[in-house]
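Residue-level listing of the chains:
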Amino acid sequence: MSSPGSLPLRHFLLALAVVAIWGSNFVVIRLGLNAFPPLLFAALRFSMAVVPAIFFLPRPDVSWRNLAAYGALVGVGQFGLLYLAMGSQISPGLASLVIQTQVFFTLLLAMRITHEPVRGFQWLALGLAACGLAVIASHTDGSTTVLGLGMVLLAAFSWASGNIVGKKAGRVNMLAYVVWSSVFAAPPLLLMSLVFEGPARIGEGLSQAGWGAWAAVAWQAFANTLFGYGLWSWLLSRHAASQIVPMALLVPVFGMSTAAWYLHEPLPAWKLTAAALVLSGLALNLLWPLRPWARNKPAAAA
């Protein structure tokens, strides 16, 4: 593993490419939702992530129960709710920002499991993010509703719960883990689509979808899931997490900027203020423990 400060330019650019893909993916989701109903779109995304990759990646050495829990939480809980919210209840740029609250949900869940107290800087980070969410909630309009905000927060909580399940899996090939867990995401999503969206709406979506809609599905499966997760895991295996993980702060930056550029999503002062508050909270939570005097403390004093 590389030492701090030694991230090669090529690897930095690869990490930047991943967060750019993850951020701009919210625009791709919005384009896909123009053709497919939300639950069907999510089912197609995870189906394409499974086949054909599952035939080339051996099943990770974890229990089926763990894979099923991760697939249900991330596939159905996170993306099912996110796609439903983005269908008509929240704009892509704000969705890319609000979903990052999974960092705080993961923190709180981990603290509850390990019974560790939340430290002062973490309370401040949570407070900053909460203020940003309050700004969003107070400015709901036709493009973003309180329901949409709530659904994305639930999606973030599902993502955080999936993080805890994934942590219990231990050190595994994360790309293989995501692919095999998707086996437990696609079928329930398809079943929910049949029940709640109906065969007629499903048939209409499939028959009328053009190449752009299918490209959106492929981008979700291959660029966002297989390439993104695979490359991110590869980078984490070669460098300290402190060099790679903070770059995830750029995901909502790419999300909001690409939504403004391609979808002409407005960026009024209140939205920029909300983004600054949430991103400040995320940055404080991620970067405070990495300050030089904290890294140099003896392990016994940590």
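Residues numbered from 1 in each chain as written. Predicted model: local features only at pLDDT ≥ 70, side-chain atom pairs only at ≥ 80, totals over all residues. Heavy atoms only, no water.

## Quick look at the nonpolar core
Soluble, globular proteins show a tendency: their nonpolar side chains are buried together. Of all hydrophobic cores here, the largest spans 76 residues; its most connected members are F36, F41, L82, Y83, M86, L97 and I136. Filtering out sequence-adjacent residues up to four positions away, Y83 remains in contact with I29, L33, P38, F41, A42, R45 and Q220. In this structure, V18, I21, W22 and M247 belong to the second largest nonpolar core, which totals 12 residues. (Core = buried A, V, L, I, M, F, W, Y, C linked by side-chain atoms within 4.5 Å. Buried < 20%, exposed > 50% of the residue type's maximum accessible area, 1.4 Å probe, protein only. Contact = heavy atoms within 4.5 Å.)

## Digging into the layout of surface pockets
Roughly 2100 Å³ of volume is contained in the largest pocket. Forming the walls of the largest pocket are 50 residues, and the residues nearest its centre are Q102, N163, W232, L236 and V245. Counting residues per element, the ones that place at least two in the lining of the largest pocket are α1 (9-33), α3 (64-88), α5 (102-114), α6 (120-137), α7 (146-168), α10 (211-236), α11 (241-244) and α13 (269-287). Element by element, the count of residues in the lining of the largest pocket is highest for α5, at seven residues. (1 Å grid on protein atoms, 1.4 Å probe; cavity = no way out; pocket = protein on both sides within 12 Å on 5 of 7 lines; lining within 4 Å. Points joined across faces, edges and corners; volume = space filled by probe spheres on them. Helix = DSSP H or I, 4+ residues; strand = E, 2+ residues; numbered from the N terminus.)

## Side note on empty space enclosed by the protein
Under the criterion given, the structure shown has one cavity of 30 Å³ or more. Of the voids in this model, the largest cavity is the one considered here, and its volume is about 80 Å³. Mapped by element, the contributors of at least two residues to the lining of the largest cavity are α2 (38-50), α3, α8 (174-181) and α10. For the lining of the largest cavity, the element with the most residues is α3, which contributes five residues. Here the residues of the lining of the largest cavity are counted per class, giving seven nonpolar, five polar and one charged. (Nonpolar A, V, L, I, M, F, W, Y, C, P; charged D, E, K, R; others polar.)

## Quick notes on α13
With 19 residues, α13 should cover 27 Å at 1.5 Å per step; its first-to-last C-alpha distance of 26 Å lies within 8% of that length. Looking only at α13, the buried set comprises W270, K271, A274, A275, V278, L279, G281, L282, L284 and N285. Buried residues along α13 sit against α4 (92-98), α5, α6 and α12 (250-262). (Expected span 1.5 Å × (residues − 1).)

## Topic: the pattern of salt bridges
Scanning the model with the defined rule gives one salt bridge in all. Between E265 and K271 there is a salt bridge, and its shortest N-O distance comes to 3.2 Å. (Salt bridge = Lys/Arg side-chain N within 4 Å of Asp/Glu carboxyl O.)

## Brief notes about the packing of α6 against α13
Where α6 contacts α13, the axes come no closer than 8 Å and their chain directions differ by 160 degrees. Relative to α13, the element α6 lies roughly antiparallel. Remark: the crossing between α6 and α13 carries left-handed chirality. Counted together, F121, Q122, L124, A125, L128, A129, C131, G132, L133, V135 and I136 of α6 and W270, A274, L277, V278, S280, G281, L284 and N285 of α13 form the full contact between these two elements. Partitioning the contact of α6 with α13 into residue classes produces 14 nonpolar, five polar and no charged. (Axes fitted to C-alpha atoms, helices over the stretch in contact; angles between N-to-C directions. Parallel < 35°, antiparallel > 145°, perpendicular 65-115°, else oblique. Left-handed = near helix turned anticlockwise from the far one by under 90°.)

## Thoughts on the packing of aromatic side chains
By the definition in use, this model includes 13 aromatic pairs. Aromatic rings pair up to connect F36, F41, F46, F79, Y83 and W214 into one cluster. The ring of F46 carries the charged tip of R45 above its face, separated from the ring centre by 4.9 Å. (Phe/Tyr/Trp six-rings, centres within 6.5 Å; stacked < 30°, edge-to-face > 60°. Lys NZ or Arg CZ within 6 Å of the ring centre and 35° of its normal.)

## Comments concerning the side chain of T101
Inspection of the secondary structure puts T101 in the loop between α4 and α5. Of the residues examined, T101 reaches a relative accessible area of 5% and is grouped as buried. Separated by 2.7 Å, the side chain of T101 and the backbone oxygen of V98 make a polar contact. The residues touching T101, leaving out its near neighbours within four places in the chain, are L133, L153 and A156. (Polar contact = N/O pair within 3.5 Å; in protein donor to acceptor, adjacent residues only side chain to side chain.)

## Some thoughts on the confidence of the model for the protein
For the protein, the mean per-residue pLDDT works out to 88, and 93% of the residues sit at or above 70. For the stretch residues 297-302, pLDDT sits under 50, and the model shows zero contacts to residues farther than four places along the chain or on other chains. (pLDDT = per-residue confidence, 0-100.)

## Looking at the environment of L109
With respect to the helices, strands and loops of the structure, L109 is situated in helix α5. Between the alpha carbons of L109 and I164 there is a distance of 7.7 Å; along the sequence they are 55 residues apart. Discounting chain neighbours no more than four positions away, the residues touching L109 are F157, A160, S161 and I164.

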